[in-house]
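Fold and geometry: a report
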Amino acid sequence: AADLGGDCCADLEERIAELEATTARKGNRKVSLTIAGQVNHAVLFWDDGSENNVYVVGNKNDQSNFSFTGEAQISKDLKAGYAITIRLKDTLSDEVDQDQDDGDSGFVIWESYWFLESERFGKLSLGQVSRVSDTAPENDLSETAVAGYAGVQDMGGAFFIRRKNGDLSGAALGDVYSHLNGDTANVVRYDTPAIAGFVFSASYGEDDMWDVGAKYEGSFNGIKLAASIAYTQDTDSNGLDGSGGFPSKIIVGSAAILHEPSGLNALISAGQRDADEAGYKDAKFIYAKLGWIAKLTSLGPTAFYGEYGRFTDFLSNEDASPDGFNLGAIDDTVTGSTAQVWGLGVVQHIEAAEMQIYIGYRHHDFDFDLVDGGGDRVATPGLENFQSVVVGSKISF
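Residues numbered from 1 in each chain as written. Predicted model: local features only at pLDDT ≥ 70, side-chain atom pairs only at ≥ 80, totals over all residues. Heavy atoms only, no water.

Secondary structure summary: the protein chain contains two helices and 20 strands in total. Oriented by its inertia axes, the alpha-carbon framework of the protein chain measures out at about 105 × 45 × 45 Å. Here the protein chain, with 397 residues, has 44% of them falling under the buried criterion. Considering only contacts within the protein chain whose residues lie at least 6 apart along the sequence, 63% involve residues at least 24 apart. Working note: accessible area of the protein chain is about 19700 Å², and carbon and sulfur atoms make up 55% of it. On the protein chain, the mean spot of the 29 positive side-chain charges and the mean spot of the 61 negative ones are 7 Å from each other. (Helix = DSSP H or I, 4+ residues; strand = E, 2+ residues; numbered from the N terminus. Buried < 20%, exposed > 50% of the residue type's maximum accessible area, 1.4 Å probe, protein only. Contact = heavy atoms within 4.5 Å. Areas by Shrake-Rupley, 256 points an atom, 1.4 Å probe, with all protein chains shown as cover. Lys, Arg positive; Asp, Glu negative; His and termini not counted. Charge placed at Lys NZ, Arg CZ, Asp CG, Glu CD.)

The structure is reproduced here in structure tokens:
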């Protein structure tokens, strides 16, 4: 018979105590707790036609973050849950510019909400949660969004456009690019159960903004599809972060397709914003990407892509003070803008480490509509192109 006396279990007890001391704890045994997140940093090479430099940045395309999620089963068909997502502001790629290589630091609450979900009746969410228009323009099956996606302004958006005479204008890349994504807000949101691959949704909140839309996901015969469309009316002049805005109506959507046997894929994203504010033109964009997901190494998929986008009239404020953007003569006013971008890159997935290593190149060019003090149209002065290369890595946990 085994002798259970003495110190036979001392080592085991010591190990259990060590695990208890180093394990994340949760408040109760009824609601689950999952901690997840990612770290995403990159080196950004940039050239505005007159000056060039290299910065280390946080990649806003897929921002460093950590999240707490959980749920509990109330009945066979009903569960309750929560989600809290904190994003890191770590010298983000859309905050640095020619004169500032250090962006803000700190934390931003991206999501904080509870939900009730039923297989028969759908899902109700309340708090700071994604609006229906959030991610509507971002369907992407290329496995390359970390390097480049429809949100062109997230990579270099604070850099100012350079004039041919060497002066910096007052217009930044983020002024002329927007993919009209809805982001998160303090809203109540409802999503139907999936119906033949379709989910229909509505959200309302702030003062006032509401969205309706639909999303589809499905696959057949080796073809994978993802598509979304959303319509928004927004009269909240304050915005979630107090940054302001103007009343508008927005329709936006995207569709992506992947041929899984070959890895060939494509997407198109487009949207239009009708401004309910004097002095602003209706703005629109179209963005497309072609890609190939190859199996070149045992590390994981290697994904290649090429992209093109055209963004029109996102800078079109006729009420701006003359020469406010330093794009023309002293009494000229901006009444419209056109920005075009093309790029290419590759992302190597390392599955054993939940890691992505990426490189992406972009070329931007710009044109503006100007009128002089008498209201007559004048030619846009010479503007430099803007080029960037981003090289970095994301690791998830």
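A word on the packing of aromatic side chains. Across all of its chains, the model carries 15 aromatic pairs by this definition. Ring geometry for Tyr55 and Phe159: centres 6.2 Å apart, planes at 20°, overall stacked. Highlighted residues: Tyr55 in strand 2 (residues 52-58) and Phe159 in the loop between strand 6 (122-130) and strand 7 (160-162), separated in sequence by 104 residues. The exposure class of Phe159 is buried, given its relative accessible area of 0%. When the centroid spacing of 6.2 Å and the interplanar angle of 15° are considered together, the rings of Phe198 and Phe200 count as stacked. (Phe/Tyr/Trp six-rings, centres within 6.5 Å; stacked < 30°, edge-to-face > 60°.)

This part is about the nonpolar core. By size, the foremost hydrophobic cluster in this structure holds 50 residues, and its most contacted members are Phe159, Tyr177, Leu327, Phe366 and Phe368. Excluding anything up to four places from it in sequence, Phe368 contacts Ile161, Ala171, Val176, Leu315, Leu327, Val334, Gly336, Ser337, Thr380 and Leu383. Core analysis: the next-biggest nonpolar cluster, separate from the first, contains seven residues, Ala83, Tyr113, Ala185 and Met209 among them. (Core = buried A, V, L, I, M, F, W, Y, C linked by side-chain atoms within 4.5 Å.)

Bridge count for strand 1 (residues 34-47) against strand 3 (residues 65-75) is five bridges, and the pairing is antiparallel. Bridge pairing in strand 3 links Thr34 to Thr69. Bridge count for strand 1 against strand 20 (residues 386-396) is 10 bridges, and the pairing is antiparallel. Bridge assignment links Asn40 to a residue of strand 20, and that residue is Lys394. Both strand 1 and strand 2 contribute to a ladder of seven bridges, which runs antiparallel. Of the residues in strand 2, the one forming a bridge with Asp47 is Asn52. As consecutive antiparallel partners, strand 1 and strand 2 are separated by four residues, and within that stretch Gly49 has a phi angle of approximately 100°, a positive value. (Pairing = 2+ DSSP bridges.)

Taken as a whole and judged by the stated rule, the model has 16 salt bridges. A salt bridge links Glu217 to Lys215, with the nearest nitrogen and oxygen atoms 3.9 Å apart. Glu217 sits in the exposed class, given a relative accessible area of 51%. Exposure remark for Lys215: the relative accessible area of 28% places this residue in the partly exposed category. Here the salt bridges share partners, and the residues they tie into one network are Asp48, Glu51 and Arg162. (Salt bridge = Lys/Arg side-chain N within 4 Å of Asp/Glu carboxyl O.)

On to a nonpolar patch on the surface. On the surface, Ile74, Trp114, Leu116, Leu124, Leu126, Val188, Tyr190, Tyr204, Trp210 and Val212 cluster together into a nonpolar patch covering about 840 Å² of accessible area. At the level of elements, strand 5 (105-118), strand 6, strand 9 (184-191) and strand 11 (209-220) are the ones that each hand at least two residues to the nonpolar patch. On the secondary structure map, Ile74 appears in strand 3. On the basis of relative accessible area, Ile74 is assigned to the exposed category, the value being 53%. (Patch = residues over 30% accessible without salt bridge, like charges linked within 9 Å, V, L, I, M, F, W, Y side chains within 5 Å.)

Take the side chain of Asn181 next. Among the structural elements, Asn181 can be located in the loop between helix 2 (173-176) and strand 9. Judged by its relative accessible area of 15%, Asn181 is buried. Polar side-chain contacts of Asn181 include one of 2.9 Å to the side chain of Asp134. A polar contact of 3.0 Å, which involves the side chain of Asn181, links it to the side chain of Asp183. In this structure Asn181 touches Ser133, Asp134, Thr135, Ala136, Pro137 and Glu138, once residues within four positions along its chain are discounted. (Polar contact = N/O pair within 3.5 Å; in protein donor to acceptor, adjacent residues only side chain to side chain.)

The subject of this paragraph is unusual backbone geometry. Each neighbour pair has its own omega, and for Asp207 with Asp208 the value is -10°, a cis peptide bond. For Asp208, the location among the structural elements is in the loop between strand 10 (198-205) and strand 11. Its identity is not glycine, yet Thr91 carries a phi of approximately 55°, on the positive side. Note that Thr91 resides in the loop between strand 4 (78-90) and strand 5. If you check the backbone angles, Asn221 has positive phi at about 50° while not being a glycine. Structurally, the position occupied by Asn221 is in the loop between strand 11 and strand 12 (223-234). Judged by relative accessible area, Asn221 falls into the exposed class, the value being 75%.

Its location among the elements puts His259 in strand 13 (residues 248-259). The sequence separation of His259 and Tyr305 amounts to 46 residues, and the corresponding C-alpha distance is 15 Å. Among all residues touching His259, those that are not within four sequence positions of it are Gly222, Ile223 and Leu264. Within the structure, the side chain of His259 is placed 2.6 Å from the side chain of Ser262, a separation counted as a polar contact.

Here we come to the environment of Phe107. Positionally, Phe107 belongs in strand 5. On the accessibility criterion, Phe107 (61% relative accessible area) is exposed. Separated by 13 residues in sequence, Phe107 and Asp94 place their C-alpha atoms 16 Å apart. Not counting residues up to four positions away in its chain, the partners in contact with Phe107 are Phe66, Ile86, Arg87 and Leu88.

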